[in-house]
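# Structure assessment
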Amino acid sequence: MNANVAVENIPGIALWNDPTRPVAARVDALIAAMTLQEKTAQLYGVWVGASDQGGEVAPHQHDMEEAVDLDALLPAGLGQLTRPFGTGPVDPALGALSLARTQARIAATNRFGIPALAHDECLAGFAAWGATAYPVPLSWGATFDPDTVRRMAAVIGRDMRAVGVHQGLAPVLDVVRDTRWGRVEETIGEDPYLVGTIATAYVQGLESAGIIATLKHFVGYSASRAGRNLAPSSMGPRERADVLLPPFEMAVRESGVRSVMSAYTDTDGMPSAADEDLLTGLLRDTWGFDGTVVADYFAVAFLKTLHGIAADWPDAAGTALGAGVDVELPNVKAYGAPLAEAVADGRVPEALVDRALRRTLTQKVVLGLLDPDWDPMPAALDGADLTDPAALRGRIDLDGPENRALARAVAEKAVVLLSNDGTLPLGRPRRIALLGPNADEPVAVLGCYSFPQHIGVRHPATPLGIELPTLRDTLAAEFPDAEITVARGTGIDDGDLSGIDTAVRAAREADIALVVLGDRAGLFGRGTSGEGCDVETLALPGAQQQLLDSLLDLETPLVTVLLAGRPYALGRAVEKSAAIVQSFFPGEEGTHAIAGVLSGRVHPSGRLPVSVPRGTGSQPATYLGARLAHANEVSSIDPTPAFAFGHGLTYTRFDWTDLTVDSQEAPTDGEFGLAFTVRNTGEQRGTEVVQLYLHDPVASVVQPVQRLVGYTRVDLEPGEARRVHVTVPADLASFTGRDGRRIVEPGELDLRLAASSADPRLTARVTLTGAGRHVDHTRRLHATVGQEPLAQA
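These numbers come from a predicted model, not from an experiment.

Scanning the protein from terminus to terminus reveals 22 helices and 28 strands. Over its C-alpha atoms the protein spans a radius of gyration of 27 Å, differing by no more than 12% from the 28 Å that the globule rule assigns to 793 residues. For the C-alpha atoms alone, the extent of the protein along its principal axes is close to 80 × 70 × 50 Å. Scored against the burial criterion, the 793 residues of the protein give a buried share of 63%. Partitioning the intrachain contacts of the protein with sequence separation of at least 6 by distance along the chain shows that 78% fall at a separation of at least 24. Surface exposure of the protein reaches about 27500 Å², of which carbon and sulfur atoms provide 49%.

Spelled out as structure tokens, the structure:
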């Protein structure tokens, strides 16, 4: 059989090009027609950069890999194009043209006319020059608002699809276990239920736009020892099953996700990219995932170079492919000639190649890449004069008003008011001292996977591509009648003390002082937060604590503002600062959101997705600890946080009253119904984030003191009340038992309705009856929450 064979239904085209035929039949026919080299060519990517002149992409020379010869590779085909927009600054329209021309060449060069699947990063927005920089995932978690995150993701996906990208490498579902880890900013938080619900919403939004979402990093990356990037993961099977796996399970079951990325790390000596029980047994055979598993960049090669479990490249290829890694990224290494060699000499069954190939080709067929009317030109270039690339510059806007409005909406919901003695909102101060290293720094709102911080720093002569107003800019607009004095005080991490006296003088002469502290995002040591920017302690970087302490000694009220990628211990500021405002890299509209919270234009509604530590050296510690992980009399280390998971203040007050429980008992396959009233008793509108925690006082294996099993946002005007109804299935009490199976055990439970993990407001003491019941991946994952308006008081 060959590429020119005609089949029935549509005369003159091959079966695999016939959109009237079933997807599986098209894929099977194509696989049967391919040579081994053509098969393996679909299982790897090539790292490229789009041309800023609209020409074809150019291979990216990465320092971990040798150069790639596209001319030699393309006759056999190509599986993926790696980060065409996220490799260098390129005008979006010219990048789209460059990608389209390259896709046309790829399809024309291989005998089946198969284009590549193009992927890019989208951890905090499409990581392309000129694209909207949204808040980082830790801010998504702070919103406790899946609906808003879903809308954001749909717009991100729309923008990616408009320029010819097919797959986005997001979201991150790693649950934070140690906030010293540099990639905390990329995570959604320290609770698996919060991570799972927010990440699932993000996937749903991305997939609704036709973009293949990618769950990462599967699994255990965030549990590395001492918070070091790429270190071995220390966790037992129950921590893995009950903390780290549930977000992935939820997303696979509920989101329609089509790709999963294996993690770099090893757990108890088993690298994820070599773990057949994980990537095939659990992910596919148990959970039913039928998409592609892609390798985290270089992870297949790492089986040889870092993990030492493969003797050579063919061995690495066979090990990863056998485990269930379908696609090698970012470049061809083991899945090219070495894999073909391993198949030819019998070390790797060709059936494993066909298994991975079937998954990758299925996605290309579903995307329409093999249809006879497939056109490499994206819709964004419809009607454009492609003969004059220079005229295309600026044609595609990836940061329009709709995007910026959405970025601001997310940022506003993500700002967390940690403390407030009544100083906020500010009213109309005459003299404001704006102090600190992030007070007038444009990129202070960006995470390490934003384009300016990830790629733009290597191109200092290129404009940022987006507007990044500093807090100085937005405060001037928010308080037009105020005199604002700016003093840096010290740098982010330079340890410079020479400017502190100037900052102190400015604060002494002001009505209110704002000190803006935090991080600079970067990669591999270029920042204080980001991939490879791990820290030994949770002290503020550099001399920032010295600056903060000097300002706390003054009589001028001090508001502490954090623009950071992780939580930090703040020392005396916890008690002495007039207010503390926490923001986790809130994106390009973030300073507008913060200024709005300071003025009262924005009513703060964010809640902490990670605890804020009291001490600098108490990690690893999360609110999910068992009893022995909390403060006690037998250790001199107190891990109690300064501000607990779920904490966040508002500018109003809420009363929680009138709890009713439909029954104090239910069988282990039943459910409980709760209802209670939340009323805004203050003078401003506001949002209460109701959180439901489960406490299991006696279980057959050690349990965390409590864990989040549900939440909802309740928006109320002054005097307004809502009756909140919650149905709690017994399945939410399940955990991994002594035999390694998930079980719901009979016994007493506390269902705590709380404003944070440290602030329970109402508690329902209920009992599960009957025999213990084993549950599996089909169990119920959510409480059902509804709201009913009540008459105003």
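Let us keep going from here.
Restricting attention to buried positions, one finds in helix α20 (residues 544–552) the residues Q544, Q545, L547, L548, L551 and L552. Buried residues of α20, seen end-on, are gathered within an arc of 160° and therefore sit on one face of the element. Contacts from the buried residues of α20 go to β12 (431–435), α19 (500–508), β14 (512–518), β15 (558–564) and α21 (573–576).

Once that is clear, we can look at the packing of aromatic side chains. Summed over the entire model, instances satisfying the criterion amount to 17 aromatic pairs. Here W656 and F676 contribute two aromatic rings whose centre-to-centre distance is 5.7 Å and whose plane-to-plane angle is 15°, an arrangement assigned as stacked. Highlighted residues: W656 in strand β17 (residues 654–661) and F676 in strand β19 (residues 671–680), separated in sequence by 20 residues. The class for F676 is buried, based on a relative accessible area of 0%. Connected via pairs of aromatic rings, a cluster forms that spans W47, W181, Y221, Y264, Y297, F298 and F302. Above the plane of the ring of Y449 lies K216, whose end atom (NZ or CZ) is 5.7 Å from the centre. Stacked on the ring of W313, the Lys or Arg K304 has its end atom at 4.7 Å from the ring centre.

With that out of the way, let us pick up the pairing of β14. Of all seven residues making up β14, seven are buried, and the element is well covered by its neighbours. On β14, burial covers both faces: I512, L514, V516 and G518 on one face and A513, V515 and L517 on the other are all buried. Bridging between β12 and β14 involves four bridges; their strand directions are parallel. In the sheet register, I432 faces β14, and the bridge partner there is I512. As paired elements, β14 and β15 share six bridges and run parallel to each other. Bridging across to β15, L517 finds its partner in L562. Regarding the hand of the β-α-β motif, the stretch spanning β14, α20 and β15 is right-handed.

In terms of nonpolar packing, the biggest core is built from 194 residues, with F126, Y202, F218, Y335 and L435 touching the most fellow members. With eight residues, helix α7 (residues 192–208) is the single largest residue contributor to this core. Those residues in contact with Y202, other than ones at most four positions away along the chain, are C122, W140, V149, M152, A153, I156, A170 and P171. Judged by nonpolar contacts, the second largest core, of 34 residues, contains V445, V581, A593 and V602.

So, about the sheet that holds strand β18 (residues 665–667). Two pairing modes exist for strands in a sheet, parallel and antiparallel, and in both the strands are linked by backbone hydrogen bonds. Taking strand neighbours across the sheet as the criterion, the five strands line up as β18-β26-β25-β20-β21 in an open arrangement whose pairing is mixed. The two strands at the open ends of the sheet, each matched to only one other strand, are β18 and β21 (707–716). The mean angle between the axes of side-by-side strands here comes to 30°, regardless of whether they run parallel or antiparallel. One ladder, built from three bridges, connects β18 with strand β26 (residues 759–769); its direction is parallel. Looking at the pairing, E665 lines up with T767 of β26.

The next thing to look at is the side chain of S272. By secondary structure assignment, the location of S272 is in the loop between β9 (270–271) and α10 (276–286). On the basis of relative accessibility, which here comes to 2%, the residue S272 falls in the buried class. Setting aside residues up to four positions removed in sequence, S272 forms contacts with F218, V219, A263, T265, L278 and L279.

For helix α8 (residues 237–244), every residue scored as buried is listed here: R240, V243 and L244. Seen from one end, α8 has its buried residues packed into an arc of 105°, which puts them on one side. Tucked into the core, α8 has its buried residues touching α7, α9 (246–254), β8 (266–267) and α10.

Attention shifts here to the pattern of salt bridges. Considering all chains together, one arrives at 47 salt bridges under this definition. Residue D145 is joined to R713 by a salt bridge in which the shortest nitrogen-to-oxygen separation is 3.9 Å. In this pair, D145 is assigned in the loop between α5 (137–143) and α6 (146–162) and R713 in strand β21, connecting sequence segments 568 residues apart. Residue D145 shares its accessibility class with R713, and that shared class is buried. A salt bridge links E402 to R158; the nearest nitrogen and oxygen atoms lie 3.0 Å apart. Highlighted residues: E402 in helix α16 (residues 401–414) and R158 in helix α6, separated in sequence by 244 residues. Exposure remark for E402: the relative accessible area of 48% places this residue in the partly exposed category. According to the relative accessible area criterion, R158 is partly exposed, its value standing at 37%. Salt bridges linked by common partners bring D399, R404, R408, E588 and E589 together as one network.

For strand β11 (residues 416–420), the buried fraction is high: four of the five residues fall into the buried class. Sheet analysis places β11 next to strand β16 (residues 579–584), joined by four bridges and oriented antiparallel. From the neighbouring strand, L417 faces β16, where its bridge partner is V581.

The subject of this paragraph is the packing of α8 against α9. Two numbers describe how α8 lies on α9: the axes approach to 5 Å, and their chain directions differ by 45°. It follows that α8 is oblique to α9 by the angle criterion. Taking contact as the criterion, the partners of R240, A241, D242, V243 and L244 in α8 are, on α9, P246, P247 and F248. Of the residues assigned to the contact of α8 with α9, the class counts are six nonpolar, no polar and two charged.

How each quantity is defined
Residues numbered from 1 in each chain as written. Predicted model: local features only at pLDDT ≥ 70, side-chain atom pairs only at ≥ 80, totals over all residues. Heavy atoms only, no water. Helix = DSSP H or I, 4+ residues; strand = E, 2+ residues; numbered from the N terminus. Rg over C-alpha atoms; globule rule 2.2 N^0.38 Å. Buried < 20%, exposed > 50% of the residue type's maximum accessible area, 1.4 Å probe, protein only. Contact = heavy atoms within 4.5 Å. Areas by Shrake-Rupley, 256 points an atom, 1.4 Å probe, with all protein chains shown as cover. Arc of directions from axis to C-beta. Phe/Tyr/Trp six-rings, centres within 6.5 Å; stacked < 30°, edge-to-face > 60°. Lys NZ or Arg CZ within 6 Å of the ring centre and 35° of its normal. Pairing = 2+ DSSP bridges. Right-handed = clockwise from strand over helix to strand, strands pointing away. Core = buried A, V, L, I, M, F, W, Y, C linked by side-chain atoms within 4.5 Å. Axes fitted to C-alpha atoms, helices over the stretch in contact; angles between N-to-C directions. Salt bridge = Lys/Arg side-chain N within 4 Å of Asp/Glu carboxyl O. Parallel < 35°, antiparallel > 145°, perpendicular 65-115°, else oblique. Nonpolar A, V, L, I, M, F, W, Y, C, P; charged D, E, K, R; others polar.

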